[in-house]
Structures are given as C-alpha cells and as structure tokens.
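Notes for the structure review
Letter by letter, the chains look like this.
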Amino acid sequence: MNASPSPADADLACELERCRSELAKVRHAHRALQMKFEAAFEQSAVGMALVDLDGRWLEVNDALCRMVGYERDGLLKLGFQDITHPEDLAEDLALVERMLRGEISDYFLEKRYIRKDRSLLWIRLSVTLAREASGAPRHFVSVIENINHQKLAEQALAASEARFRTAFDHMPDVVVIYDRELRIQYVNPATANTTGMPPDAFIGKREDEIFPKELITPWQPALRTARDFGMVQSVEVDVTLATGRRNLSITCVPILNAQGEVYEIMGVTHDLTDRRKAEQDAVKAALHDRLTGLPNRVLLFEYSAHVFDQAARQQHEGGVLFIDLDRFKPINDLHGHLVGDAVLREVARRISSQIRKSDLAFRIGGDEFLVLLPQLANSAEAAQIAQRLLQSLAEPILVEGIELQLSGSIGISVFPRDGMDVQSLVNAADSAMYHAKQLGKNNWQYFAAELSGRMHALISLQDRVRGALRRREFRLVFQPLVDLGTGELKGVEALLRWPASGVGPDQFIPAAEAVGQIIPIGDWVMQEACRTHKRWLEHGLPAIPIAVNVSALQMRQRDFRLKVLGVLRRQRLPPAALQIELTESTLLEDIDYTIYLLSKLRQDGVRISLDDFGTGYSSLSYLSRLPLDKIKIDKSFTRHLTTDPTSRAVTEAIITLSQRLGLEIVAEGIETQVMLDEVRRLGCGQMQGNLVSTPLSAEQFEAWFAERDRTRLPVR
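Reference entry: report on the structure contained in this document.

Cut-offs and rules
Residues numbered from 1 in each chain as written. Predicted model: local features only at pLDDT ≥ 70, side-chain atom pairs only at ≥ 80, totals over all residues. Heavy atoms only, no water. Core = buried A, V, L, I, M, F, W, Y, C linked by side-chain atoms within 4.5 Å. Buried < 20%, exposed > 50% of the residue type's maximum accessible area, 1.4 Å probe, protein only. Helix = DSSP H or I, 4+ residues; strand = E, 2+ residues; numbered from the N terminus. Contact = heavy atoms within 4.5 Å. Pairing = 2+ DSSP bridges. Axes fitted to C-alpha atoms, helices over the stretch in contact; angles between N-to-C directions.

Before going further, it helps to spend a moment on the nonpolar core. Core analysis: the biggest nonpolar cluster contains 75 residues, and F474, W536, V548, F560 and F701 have the highest contact counts within it. Counting residues per element, this core draws most heavily on helix 18 (residues 518-538), at 8 residues. Not counting the four nearest positions on each side in its chain, F474 is found in contact with V465, A468, L469, L496, R497, W498, F508, I521 and W524. Core analysis: the second largest hydrophobic core is formed by 34 residues, A348, I351, A383 and I385 among them.

Given below as structure tokens:
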C-alpha cells in the first residue's frame, strides 16, 4: 500500500506546476514578441540588418536586399565592408570601434553602398549595439534608409550653384546681391574691376555708404520696388565712372524663399555704351551717304514731308534741284574709283558751300545729288541757286596731282506747281535734268509737262509689266549663301528676272508696285520657290531653304500669313523650307502690325531676314523688338571695305550690333578673295556673292550643287 504524499511534496508539486505554467506564458510571450519583431523586421520599408562583431551579415530583410540588388543568401555571405564604398569605409569602422569601446551607444552616418550591378547608392545608416545580460557586445542592429534621390538632388543643387557662381564670377556684367535691408551680400569680380574697389569694400554695406548719393540715386527706386513688390524692375541710367561717361542698363530681380517672400534682390548692370555707339553709327550710316557724309534718300523723304507740309500751311513756294554730273564716268573709268570717290566728296563739299543755310543737300546715288529748297521767294530764286552751283562745279578739281574738269546738269521743280509731295517733285526735277542733258549739259532747266519723256517711258514699262505674269515672262534664279567658317551651304536667295523686258529688277519691280502687280507677282515667286524646293528634294538634293523677297504691299495683306502657310501646305513642305526677306522700309510700315505678323510667322517656323541693311529707313530703334533671324549687310558697304574707312566702320558696327542681338549676319556682294577675307576678319558668319556663284537657274543650281565639293568656299 502506497503511502500518501506528504504535505511538503504536495506543495513542491504545486510550485512546479505553477513554474511550468509561468514558463509556458513567458515562452508564449517571447514567441509573440519574436513574431512581432520578425514581422517588423521583414515588412519594414527601410533596410534592417543584424551584423556580427566582425561585420558579417547575420540577418537582412527584403528591403535591404532590394536596395543593394542581392538575393538574401548572396548578401549573407558578405560583410558590410564588402559593399561599402572604399572612400566611406574608414569613417564607418572608426565609429564601430568607438561603440565597442563604450565611448558611444549608437551612431548615424551617410555613406555609399556599391550595389551588385556596381552602381552607387547613398544611404543613411543608424547603428546600435545589442549586448548580453553580462554587458558583453553581442551583435549590431543596423537600420538603412535609401537617400539616393535626396543626395542626387543635393549634388545637382550644388552643381547648379557652382555653375551659377562660375557664371557670375566670369560674366562681364556687374552682379550685386542685396539683403532686405539693401546691404550687399555678394559682388562678382566684374564689380571690383569696374569700380576699382575690392569685394571686401562692399560686403555688409549699403550703396549710400560707398558711393556718392548723386551716382546711386537713379536706380534706387527700382531696387526698392523689386524688394517691396517682388517685381522685376529695369532702368537705364547715364553715370560718370572712372572709365568715363557710361550708359548702363540695370535690372533688379527679387529672389524669393519657399514661402514666396522676397529675401534677397539681385542687381545686374549691363554696360550699353558700346552698343549705343554702334547704334548711333549705324543710324548715321542708314541716314547718310557713306562716301560724302551727305544725307541720303531716306532722310530726304523723312525730312521733306515736314518741309512741304509747312510750305503748304504758310502758302509759300519750295523747290527741288536734281543734279547729275557731266563727264563723271570717263573720270571714273580712266583714273579709277579712288579718284572718282575723291571727286564726289569734293562735289558734295562745293554743293554744300553754295546753298543757303535753310537748304539741305543730299546724295541720291552714283553721281546724282539733290538740293531741297524749303522756302523760295519765287521760282527764279531756285534758278539763281542752280546757276551758282553750275559755276562752282565747273571749277577744276585737283586730285592726286591730276586736274580734272567736269560740269553738271540741273533740273528744277517747284512746289506746289509741279507737285505736292517729294516723290512727284523729285520725278519732275529728274525729268527736267534729263532735258538739260539733251540740251548740251552744263545748264539748268525748269520742269515742264512736255519734258517728261522719261515719265512716259516709265508708263510704258508699267503697261508691259501688267501682262508679263500672264504671259509667263518672269523667271527665278537662285544665288547660294554659304558659311564663312565651313563653306557649308546655308540656303539660296530666289531672285526675280524678266528676260523679255531687257530691264533689271531695280526698274520693273517699282513699276509693278506702281500698277498693283507686285502682289500677284510676289505670290507667284513664293509658289515657284516652293515648287523648286519640292523638285530639288525629288531629285535627291537635301532640304535647301529658299529665301524670297517680300514687298510692303504684300505685307499689308491681312491674309499674308495664310498665303505663306497655304503655299507650304500645298507642296507638303515644312515651314523651314521658306525664308522671308524684307527691306527696312517694308518692316517699318505699320510697325506694330509688322511685328505681330512676323512673330506669328516665326512661331510657325518661317525664318525672317532683314535685306540690304543700312540702305533703307533706319530700323535700329526697333531691332530689339523685331522678330528677326538674320541681317544681310548691303553690298554698297562690303564693296568698299578695303578702301573706305567709313564703309569698314559701318560694317563693323552692323556686325557688332547683330552679334549682340544674336542674329545671323550675311555679307552680300562678295566678289573677290580680298572682300571675303575682310568680312571674315570682321566676324561675319555668312556670305553671298559671285565669288561663290552667280545667280543660277534651278537646273543650273542642281549641276552646281552636284559639283559643290570643287566649288565649296575655302576655309582658312
């Protein structure tokens, strides 16, 4: 018979059962905690790892594997040293040693991992040390966050700031950055170079602590407005600096913080002095004859409108003297252009010396001059002035030791008897001059209706031009434009010819304009140019842009843009196939509409050129507004580059201005290697002229293009 358990044994059994129950609870809680840890470890959006004291991975989660591009088994065979960028490893190991020595309990570090595909990954690392109950180190717990996008953005921002700093440090314009108190925070080297003061003299100061009040006053309102209202402000001022009187354009740009508030202002100062001088030189060139310095035809028409309006109001007579030199061509042919130019300059001087202070002399072109007489007591007074001019012109002219003799024929027209506008008066005086020639030269004649034979010839030409388009008498020829640096073909200009008439475009085009035929002729030119472009493409030529000249009458058509786009669409050509060339006078007729129309055409992809620059109405004041791609320097300037300082100065001014405005520059009329070398030396980018090719028919151009390796402009 078994003995009953003693009370002590029963108590021990109860205690053992309670311990077993507690142990089961602890194990259950531990398992639940372990499962939570494993779930958090595996499902974490950031990388997590357990790392032994030698740096080898003990456990890694999926997020870390995805970051570095390894499978879990492959990564567990490595240590963190194996995928840490060599340049970042030393700092990481040093922090590990400090942690093992008990100097720090955790550390944070930004470093680079080398992914399995050898690309770099920026990460932010957080490391803590797990210890045994005894305090001995057991393993590291690492949390890894992917900051690659952030780092790349920071690097891009730093690179951008470095680029802007480099740009500011090397740009010729003065750049100053102010805080909201208008104290200077930064100046670029150009500021020190311009003022002769070191950068330290500016930093932390206001401009009124550095410069005289009268110097800075003109731009202070713009600076304050940019600060107070967050608006870009621009102002042009004239100031006297150590380098002399300068014209400056100052732009004040507010710099905003993330909240959209102005916290700094950047001032950029651009020196316009050289540009203004170039503009003034070009304006003078556009309004004055380059050889004699006399006003040209452009200024005649501009000035005379006011003169004859005043004469009409005050009811007094005025007049025009049209002067053509007799026997000038033999002098030019026998002694050369240099002597001929000297003669023309002397003639201009003599004409100016013989007229009244109220009168104005012009050179119309060649050996033709004109005198505008704003006020006459009677028509006989015009004859008296003409007689004085003839006597002065008859005096011998001494040039380079050569005594030359010439004379003049003068035609006189009187306002309002012979015309109410300058064009009518010039035509009448021209007819009278022609009659003076017929009567033996060296005399003057009044205009009379029966003396207008030349006008009758013009009327006859106008009658013939009316039917020329219908009779298919017009032809297009094409002259290449090439790059001066590479010899590359940049395009061709379509030139209108009328072989059946025996007259040049300088005669029949004005006649066509006078009788309203220039619009249908212009439409035909545009259509024929596009047809030619299409035909060249079909024959295997590359896309060669064709430039066509457009008259003011065409531009006035409200459907002109639709016409241009319609022609291109019908031929299935891109807008770049066609370029529009206009003269200065064409551009400035209804300037606001012209700017609008050309802007629309440029948006459509059609390029715009300003042709014969310097010979028409001066558009310099509008150049910054006009939507242009190209400026063509007239051949009257390029022809005399090596012999006439004025032509050279004007050409340089035009090239400089065009470069400042970012426009392509074409030199027209290049016929000799000397002319080519000169325009290339002056910085011109493209050329057009007989040195490369005379104008060619469409078929001749194809043959020329096929041989263009032999005809390519030489590059030196």
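From this point, the narrative continues.
In this section: the sheet that holds strand 16 (residues 407-415). Overall, mixed pairing links the 5 strands, which are arranged 12-13-11-16-17 in an open sheet. Either end of the sheet is taken by a strand with one partner, and the two such strands are strand 12 (360-365) and strand 17 (444-446). This sheet shows a mean twist of 20° between the axes of neighbouring strands, independent of strand direction. Two strands pair when backbone bridges link them, and strand 11 (residues 317-326) and strand 13 (residues 368-376) are joined in this way by 7 bridges, in the antiparallel orientation. Within strand 13, the residue paired with E317 across the bridge is L376. Helix 13 (residues 337-354) rests against strand 11, strand 12 and strand 13 of the sheet, and its axis sits at about 10° to strand 13. Contacting strand 11, strand 13, strand 16 and strand 17, helix 14 (residues 379-394) runs over the sheet at an angle of about 165° to strand 16.

Looking now at the pairing of strand 6 (residues 174-179). Most of strand 6 sits inside the fold, with 5 of its 6 residues counted as buried. Where strand 6 meets strand 10 (residues 262-271), 6 bridges bridge the pair, whose relative direction is antiparallel. Residue pairing across strands places V176 opposite G267, the latter belonging to strand 10. Hairpin connection between strand 6 and strand 7 (residues 184-187): a loop of 4 residues separates the two successive antiparallel strands, and L182 in this loop has a positive phi of roughly 65°.

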